[in-house]
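Read off the chains here:
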Amino acid sequence: MQNPIVVIPTYNEIENIEDIIRKVFSLPTAFDLLVIDDGSPDGTADAVKKLQTEYPDRLFIQERKGKLGLGTAYIHGFKWALARNYEYICEMDADFSHNPNDLIHLYKACSEEGNDLAIGSRYIQGVNVVNWPMGRVLMSYFASYYVRFITGLPIQDTTAGFKCYRRKVLETIGLDSIRFVGYAFQIEMKFLTWKFGFKIKEVPIIFTDRTRGQSKMSSGIFKEALLGVLQMKIKSFFKSYTPS
């Protein structure tokens, strides 16, 4: 049976990348790992390629020229994994804000419990965020409330980026139609998964803000989410969602 795969997008993660790779490969459940690096000038890709000699059949890298956005990185990774017949495809950050141990819970929520999408949720059991300033916690929490209000999406953590998909979800929703790149990308993927009628479960996690490296968050990413949710909802009125 093929391992599930974890897709990790990177840009200047030299301080975290070796540790996160080794941690994923130390888990009691075997995962393969694909890094999508957007031309990091700090040598992130070189560090990954060096580790490939230790994990030749489980560690993979795709290099892109320039910082092309989180959403396009994930779509690139999803297509790569689908082409290689992976059944379960996870996504997570490189900076340890997502605890790699939780990959096992997300994977089992799909592989053993029959869900099509498992979401590592910061808000399904209160607010489980560590090391964020209160302003950012409130921004994130109320952003999810706003998304639920506009779209009707029955998910507490609508902007979460720690997930496990069953391949049929990614085959059905139309990856080439995804237009957003930041927070809005994460929202759009969940919205489409829900609209196509797939089974979704939120798995409680504790999110811990990065302690090394620089955050990639920007005001532009947040604005895209605010406006993009409205556009997405309006367009949904003119589209049919028939599961394949």
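Relevant structure appears above.
Everything quoted here is computed from the prediction, not taken from an experiment.

### Here we look at the overall build of the chain
- Tallying secondary structure elements over the chain gives 8 helices and 9 strands in all.
- Scaling as 2.2 N^0.38, a compact globule of 244 residues should have a C-alpha radius of gyration of about 18 Å, and the chain matches this with 17 Å.
- Buried positions account for 53% of the 244 residues belonging to the chain.
- Here the chain displays about 10900 Å² of accessible surface, and carbon together with sulfur accounts for 55% of that area.

### A few points about the side chain of R167
- Within the element layout of this structure, R167 appears in helix α6 (residues 167-172).
- Within the structure, R167 has its side chain in polar contact with the side chain of E171 (distance 2.7 Å).
- Apart from the residues lying within four places of it in its own chain, the contact partners of R167 are A81, L82, N85, Y86 and E87.

### Examining the packing of helix α1 (residues 17-25) against helix α2 (residues 44-51)
- Closest axis-to-axis distance for the α1/α2 pair is 9 Å, and the angle between their directions is 35°. Handedness of the crossing formed by α1 with α2: right-handed. Taking contact as the criterion, the partners of I17, E18, I21 and R22 in α1 are, on α2, T44, A47, V48 and L51.

### Brief notes about the sheet that holds strand β2 (residues 32-37)
- Spatially, β3-β2-β1-β4-β7-β5-β8 is the arrangement adopted by the 7 strands of the open sheet, whose pairing is mixed. The open sheet terminates on both sides in strands that have one partner only, identified here as β3 (59-63) and β8 (200-204). Sheet twist, expressed as the average angle between the axes of neighbouring strands with direction ignored, equals 20°.
- Taken together, the 3 bridges between strand β1 (residues 5-10) and strand β4 (residues 88-91) define a ladder with parallel strand orientation.

### Observations concerning the pattern of salt bridges
- Inspection of every chain in the model, using the stated rule, returns 13 salt bridges.
- The closest approach of N and O atoms between D46 and K49, which form a salt bridge, is 3.9 Å. Of the two residues, D46 and K49 both sit in helix α2, 3 residues apart, roughly one turn of that helix.
- A residue is classified by how much of its surface remains accessible, and D46, at 52% relative accessible area, is exposed.
- Using a relative accessible area of 33% as the deciding quantity, one classes K49 as partly exposed.
- Of the charged contacts, one joins K49 and E63 as a salt bridge, the two residues approaching to 3.0 Å between their closest N and O atoms. Of this pair, K49 sits in helix α2 while E63 is found in strand β3, placing the two residues 14 residues apart along the sequence.
- Connected through shared salt-bridge partners, E18, R22 and E54 make up one network.

### Section: the environment of T242
- Note that T242 resides in the segment after α8 (219-236).
- A relative accessible area of 59% means that T242 is categorised as exposed.
- For the pair formed by T242 and L170, sequence separation is 72 residues and the distance between their alpha carbons is 14 Å.

### Description of the layout of surface pockets
- As a volume, the second largest pocket reaches approximately 220 Å³.
- Lining the second largest pocket are S177, R179, F180, E188, F191, L192, Q231, M232, K235, K239 and Y241.
- Elements supplying a minimum of two residues to the lining of the second largest pocket: α7 (183-195) and α8.

### Observations concerning the state of the cysteines
- The tally for this structure, following the rule as stated, stands at 0 disulfides.
- C90 takes part in no disulfide bond, and the closest cysteine sulfur, belonging to C164, lies 3.5 Å away.
- Relative accessible area serves as the criterion here: at 0%, C90 is assigned to the buried category.
- This cysteine, C110, is not joined by any disulfide, and C164 carries the nearest cysteine sulfur, 4.0 Å off.
- Residue C110 is classed as buried on the basis of its relative accessible area of 0%.

### Overview of helix α4 (residues 102-111)
- Of all the 10 residues making up α4, 7 are buried; the element is thus mostly covered by neighbouring parts of the structure.
- D102, L103, I104, L106, Y107, A109 and C110 are the residues of α4 that are buried.
- Tucked inside the fold, the buried residues of α4 contact β1, α1, β4, β5 (117-121), β7 (163-166) and β8.

Each value, and the rule that gives it
- Residues numbered from 1 in each chain as written.
- Predicted model: local features only at pLDDT ≥ 70, side-chain atom pairs only at ≥ 80, totals over all residues.
- Heavy atoms only, no water.
- Helix = DSSP H or I, 4+ residues; strand = E, 2+ residues; numbered from the N terminus.
- Rg over C-alpha atoms; globule rule 2.2 N^0.38 Å.
- Buried < 20%, exposed > 50% of the residue type's maximum accessible area, 1.4 Å probe, protein only.
- Areas by Shrake-Rupley, 256 points an atom, 1.4 Å probe, with all protein chains shown as cover.
- Polar contact = N/O pair within 3.5 Å; in protein donor to acceptor, adjacent residues only side chain to side chain.
- Contact = heavy atoms within 4.5 Å.
- Axes fitted to C-alpha atoms, helices over the stretch in contact; angles between N-to-C directions.
- Left-handed = near helix turned anticlockwise from the far one by under 90°.
- Pairing = 2+ DSSP bridges.
- Salt bridge = Lys/Arg side-chain N within 4 Å of Asp/Glu carboxyl O.
- 1 Å grid on protein atoms, 1.4 Å probe; cavity = no way out; pocket = protein on both sides within 12 Å on 5 of 7 lines; lining within 4 Å.
- Points joined across faces, edges and corners; volume = space filled by probe spheres on them.
- Disulfide = S-S within 2.5 Å.

So far we have only geometry, and geometry alone does not tell us how the molecule works.
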